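# Coordinate analysis (summary)
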There are 6 protein chains.
Amino acid sequence: MKPSDIATPSPASTQPKPDDTTRYQRGLEKLREIDGEAGQRVIDALAPIAPDFARYLIEFPFGDIYSRPQLDLKSREIATVAALTALGNATPQLKVHVHGALNVGCSRDEIVELMMQMAVYAGFPAALNGLFAAQEVFTERGLLAV
Amino acid sequence: MKPSDIATPSPASTQPKPDDTTRYQRGLEKLREIDGEAGQRVIDALAPIAPDFARYLIEFPFGDIYSRPQLDLKSREIATVAALTALGNATPQLKVHVHGALNVGCSRDEIVELMMQMAVYAGFPAALNGLFAAQEVFTERGLLAV
Amino acid sequence: MKPSDIATPSPASTQPKPDDTTRYQRGLEKLREIDGEAGQRVIDALAPIAPDFARYLIEFPFGDIYSRPQLDLKSREIATVAALTALGNATPQLKVHVHGALNVGCSRDEIVELMMQMAVYAGFPAALNGLFAAQEVFTERGLLAV
Amino acid sequence: MKPSDIATPSPASTQPKPDDTTRYQRGLEKLREIDGEAGQRVIDALAPIAPDFARYLIEFPFGDIYSRPQLDLKSREIATVAALTALGNATPQLKVHVHGALNVGCSRDEIVELMMQMAVYAGFPAALNGLFAAQEVFTERGLLAV
Amino acid sequence: MKPSDIATPSPASTQPKPDDTTRYQRGLEKLREIDGEAGQRVIDALAPIAPDFARYLIEFPFGDIYSRPQLDLKSREIATVAALTALGNATPQLKVHVHGALNVGCSRDEIVELMMQMAVYAGFPAALNGLFAAQEVFTERGLLAV
Amino acid sequence: MKPSDIATPSPASTQPKPDDTTRYQRGLEKLREIDGEAGQRVIDALAPIAPDFARYLIEFPFGDIYSRPQLDLKSREIATVAALTALGNATPQLKVHVHGALNVGCSRDEIVELMMQMAVYAGFPAALNGLFAAQEVFTERGLLAV
């Protein structure tokens, strides 16, 4: 292996190979539908360090999983917000998915409720930190009087 | 503190104090509605070791949280199954809540779908172990051809 | 469910229902005894986003659990500081409980010792991050020469 | 959504769509090269419950990630065994990858060494449980005198 | 590196080097004082797979950490039982330390109390699984009517 | 126990006892070889709060574990970077070991590759947060065009 000493992020590597175009396109649309600008910011942030990972992130989670019809998007976002709140070590991603949950039809109160419920399964600190992350998103979107 | 050397589990301690009767009764009904026999088995298993904890388990998660109207029970079980699959260290409780999810209206396919989605947030091993736990519950309930 | 679009945090919801007054009062006193101002700040921070969760936090952990006579408060804080250090994903709560441990009789050296021991059970990074969190609290309280 | 009450696992769903044939074939070969029979058993075990997940497992981790030339397979297995030992909640998958590590050139002693090192980052219990899982694999392969 | 194909666990490797004799001896005595037979069984179980790790386990956690006078052994075991209950992925080690806690002066009721408290910080499933692990130890020691 | 109210960090306590001089010296050299300045900063940061822990950190992980010849340093750093990325709750230590991995021969591309692989075992958020931590180190070392 001959690693380059200074990164020259090849823009080409963000281009899916022909036979994955469908997954990539489908994933990009789904990402935009769910996470909106917050999702795009993640993709942009990855460009200089790991452009291939940006592509996988679009293809597998969004092109494969979220595009499946077996579960509606609101239920999917409930699951993701619950899991990220419980895991407690992925605050940036939790905030992206609080945006996502609001974008696909969850109300502010439902998201708060989910996080309260996580106190039962992952403890009160996990729930508290989830609530404070949600508060930032709600404030950013004008959903919380300040 | 004067601990008894041999436990004499006082049945009285499973009796809620008068002012908590509402929470306890409401919790017990909610536990039965959601988890059915699987929930009752947990309460029974706690009796010899920590009867007070059985009472708290009924009162706080079920009497307080699950009884709130802000989120429907199906959404609550989606959140719990997702979180326990992602955490990956609570298989017995995950199985109780796969029962619970089925009891409140989730389909077999929706539960499988949730667990597949957890591969994105907690890795493929967490998803695999969730699927195998679900498989045991599905088989027990005759929802899976053997 | 009809969520309000803009939150109107109802102050009334922080009022416990009559039959829970004892738990709430007992919890509030216990919270003040243990966590002092740091605990009050958590309750205040929750008011705009999840006032009901502030109430549950007072009632269950402090009104129910910490108020039980089966374990002294110093032992309880040793357990909490150890667990939060080991889990490693709840730094704000760990700092509240370093305050708490000092408030109920743990010495600075005992807290440092606990965190060193957590290297054995959760690894050196968890212990290091616990020590640095404790250092902030010690400095704030003038327990560490700067 | 209309879930079937009794599962009728459609064998067709394990067939990749035409444009993913390359990823699927490449992934299957890589899975066999790395995990051998232990990998195949995971795929077989998934068939009745989540055949689509078996396909994703072949396509993304093995067809996409492990097939990349940027890191040799021995280094990849060192990383996976280390991570699964540290996480500590995926023993079946850890055993599959102890097989995998041996298959791609790690020695018994290197695997033991890795797990000892994890005591530093995830604590002694995680290292101990990793070592006991490895012991089962070594015994199965006749690498440990009994 | 030239790994042996078949392990020939060198008994010599369990012998500490001269300058570590103090740590090793001190650790072995501390291990026996705290964990008794349960601790010895762990050391024995490691002999065929990782005898050096058995030595490190005696030297660092027990010879270095538990031998320090800054915290009494009862407080140390409270911390360890709390942390292992909260982490939830080390049941065998939790059971060893339930033995340890009883050996250094914790009562059955105090251990139960600790685990109940962990519901607040790590969720009800972690507390439940801790209680069931403790129940096995209590039953083994005749501390629980069956 | 008589804790001092105000810390008077005894510089003497960072001096290893005579019989541990070898481990301490060997560990300090290994720490410098692997982690360089980033490692020294951790030791310095510990001095005011827990100087004994700085000594243990040098002696056990570096004097004992990393000094063993059974695994080369590059493989050891691959294991550590993978584990810390997967655990996801030790960003400062992960950054120290991204430095370490570069210091002992890993390329920028290999480190990125490792973190992408962790998406499979610990989820996409853990991989993303690892990549962003690595990006900071790469930028600091001029390995990434800005």
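Computed from a predicted structure; not experimentally measured.

For the rest of this paragraph, the subject is the overall build of chain A. Assigned secondary structure in chain A consists of six helices and zero strands. In chain A, the succession of helices and strands from N to C terminus is α-α-α-α-α-α. Buried residues in chain A amount to 56% of all 146 residues. Here the contacts in chain A between residues at least 6 apart in sequence split such that 68% fall between residues at least 24 apart.

Assigned domains within chain A: domain 1 (18-70) and domain 2 (71-146). Placing a centre on the C-alpha atoms of domain 1 of chain A and another on those of domain 2 of chain A gives a separation of 21 Å.

In this section: the relation of the copies chain B and chain A. Once chain B has been moved 0.0 Å along the axis and rotated by 180°, it coincides with chain A to within an RMSD of 0.0 Å. Put plainly, the chains are arranged around a two-fold axis. When C-alpha positions in chain B are compared against the rotation axis, the closest is assigned to Ala83(B), at 2.1 Å.

What follows covers the interface of chain B and chain A. How large an interface is tends to be reported as the accessible area lost when its parts come together. Between chain B and chain A, the contact holds 25 residues from the first and 25 residues from the second. Of all the elements in the fold, those that place two or more residues in the side of chain B that touches chain A are α2 (51-65), α3 (73-87) and α5 (108-122) of chain B. Across the side of chain B that touches chain A, the residue classes tally to 16 nonpolar, four polar and five charged.

Tracing the sequence through the fold places Ala83(D) in helix α3 (residues 73-87). Separated by 32 residues in sequence, Ala83(D) and Met115(D) place their C-alpha atoms 9.8 Å apart. Among residues more than four places away in sequence, those in contact with Ala83(D) are Ala82(F), Ala83(F), Ala86(F), Met118(F), Tyr121(F) and Ala122(F).

We now examine the environment of Leu128(B). Assignment of secondary structure puts Leu128(B) in helix α6 (residues 124-140). Sequence spacing of Leu128(B) and Leu102(B) is 26 residues, and the spatial spacing of their C-alpha atoms is 19 Å.

Here we take up the packing of helix α1 (residues 21-46) of chain A against helix α4 (residues 91-103) of chain A. All names here are of chain A. Their axes nearest at 6 Å, the elements α1 and α4 cross at an angle of 155°. As judged from the angle between their axes, α1 and α4 are roughly antiparallel. Here Ile34, Asp35, Gly36, Ala38, Gly39 and Val42 of α1 lie close against α4, whose contacting residues are Val96, His99, Gly100 and Asn103. For the contact of α1 with α4, the residue count by class is four nonpolar, five polar and one charged.

Further remarks concern helix α1 (residues 21-46) of chain C. End to end, α1(C) covers just 20 Å across 26 residues, shorter than the expected 38 Å (1.5 Å per residue, more than 12% under). Taken together, the buried positions of α1(C) are Arg23(C), Gly27(C), Lys30(C), Leu31(C), Ile34(C), Asp35(C), Ala38(C), Gly39(C) and Leu46(C). Buried residues belonging to α1(C) abut α6 (124-140) of chain A together with α2 (51-65), α3 (73-87) and α4 (91-103) of chain C.

Residues and elements named next belong to chain B. Taking 1.5 Å per residue, 15 residues should reach 21 Å; α5 reaches 21 Å between its end C-alpha atoms and fits that length. Of all 15 residues in α5, 14 are buried, a share of seventy percent or more. Once α5 finishes, Gly123 follows within two positions and takes phi at roughly 100°, a positive value.

Below, the discussion takes up the confidence of the model for chain A. All names here are of chain A. Summary statistics for chain A give a mean pLDDT of 89 and a share of 85% for residues scoring 70 or more. pLDDT under 50 marks residues 1-15. Its contacts with residues more than four places away, or in other chains, come to 20 contacts. Interface confidence for the predicted complex, given as ipTM, is 0.87, next to a pTM of 0.90.

Residues and elements named next belong to chain A. Mapped onto the fold, Gly105 is located in the loop between α4 and α5 (108-122). Of the residues examined, Gly105 has 11 C-beta atoms within 10 Å and is grouped as exposed. When the C-alpha atoms of Gly105 and Lys74 are compared, they prove to be 6.2 Å apart, with 31 residues separating the residues in sequence.

The rules we used
- Residues numbered from 1 in each chain as written.
- Chains lettered and ligands numbered in written order.
- Predicted model: local features only at pLDDT ≥ 70, side-chain atom pairs only at ≥ 80, totals over all residues.
- Helix = DSSP H or I, 4+ residues; strand = E, 2+ residues; numbered from the N terminus.
- Buried ≥ 20, exposed ≤ 12 C-beta atoms within 10 Å, placed from the backbone.
- Contact = placed C-beta atoms within 7 Å.
- Domains from an automatic or database assignment.
- Least-squares fit on C-alpha atoms with pLDDT ≥ 70 in both.
- Nonpolar A, V, L, I, M, F, W, Y, C, P; charged D, E, K, R; others polar.
- Axes fitted to C-alpha atoms, helices over the stretch in contact; angles between N-to-C directions.
- Parallel < 35°, antiparallel > 145°, perpendicular 65-115°, else oblique.
- Expected span 1.5 Å × (residues − 1).
- pLDDT = per-residue confidence, 0-100.

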